[in-house]
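Geometric and topological summary
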Amino acid sequence: MATKRPKSLRGQGGRLKLDLIEAAMRFLDRAPASDLSLRMVASEAGVSPTSAYKHFANAGALMAEVVRECWRQLGAQMVEGAAQAQGKDALASLQQQMCAYARYAMERPSRYQLLFALEPMDFDAPIDLPGPVQPAYRSVCAAIAQAVDEGRGLPMPDVHFSALLTLSVAHGRIALAHTAPHRDANALPEIESFIITALERLFPHVK
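Residues numbered from 1 in each chain as written. Predicted model: local features only at pLDDT ≥ 70, side-chain atom pairs only at ≥ 80, totals over all residues. Heavy atoms only, no water.

The next thing to look at is the overall build of the protein. Within the protein, the secondary structure is distributed over nine helices and zero strands. Going through the 207 residues of the protein one by one, you find that 44% of them count as buried. Of all intrachain contacts in the protein linking residues separated by at least 6 positions in sequence, the fraction that spans at least 24 positions is 65%. Accessible surface for the protein amounts to roughly 11300 Å². Of this, 55% is attributable to carbon and sulfur atoms. (Helix = DSSP H or I, 4+ residues; strand = E, 2+ residues; numbered from the N terminus. Buried < 20%, exposed > 50% of the residue type's maximum accessible area, 1.4 Å probe, protein only. Contact = heavy atoms within 4.5 Å. Areas by Shrake-Rupley, 256 points an atom, 1.4 Å probe, with all protein chains shown as cover.)

Right, dumping it as structure tokens:
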């Protein structure tokens, strides 16, 4: 059982909310999202269920916050991946971003699967992905737009649809790997190699 958390001082209630979100993510690193409950998260954080309900009306409300934090983490990891390609071309940046995407998905499968487990989101605009998805989506779009400027072709009519295809290819390969994660062919290096090769084919030099 988790160690009991010291009582928050006056004005530190927001810290408890963050602690609960972090506790939920630790739980997800050990168990599937279907096993998560607000009571279990409270235990993980070392607080009473009553304290948890002061910040979240139910497990669904907590999960929505966890999803936002997981998307933020994924976006940050993709930015770090792009930084590893500094000094190289835009395709290399895109490849490193998507390899970072795959690492997050394979190293934190419950967190990753949770990103796609909630109710469909409302779209703010027909050519953009809203809210928490934006950190990952926009960095991919930026790399693809730069690749076009550097003389690479698009696999789809425009940058938006090409970004959706890029994310779909990575997500599809990851989903297949999650069905049999212990097979050698589904190891992370194999997935990264698949993504790198696929992106080379999808964005060829045209000029």
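If you look at the biggest cluster of nonpolar residues, it comprises 51 residues, and the most contacted ones within it are Leu62, Val66, Met98 and Tyr101. For this core, the secondary-structure elements that each account for two or more residues are helix 1 (13-28), helix 2 (38-45), helix 4 (59-83), helix 5 (90-107), helix 6 (109-114), helix 7 (134-149), helix 8 (159-179) and helix 9 (188-202). Those residues in contact with Tyr101 that sit more than four places away from it in its chain are Leu74, Met78, Tyr112, Phe116, Leu167, Ala170, His171 and Ile174. (Core = buried A, V, L, I, M, F, W, Y, C linked by side-chain atoms within 4.5 Å.)

This part covers the side chain of Arg152. Within the secondary structure layout, Arg152 lies in the loop between helix 7 and helix 8. Looking at Arg152, the relative accessible area reads 12%, which means it is buried. Here the side chain of Arg152 touches His205 through a polar contact of 3.0 Å, side chain to side chain. Beyond its immediate stretch of four places on either side in the chain, Arg152 contacts Asp89, Leu91, Ala147, Phe203, Pro204, His205 and Val206. (Polar contact = N/O pair within 3.5 Å; in protein donor to acceptor, adjacent residues only side chain to side chain.)

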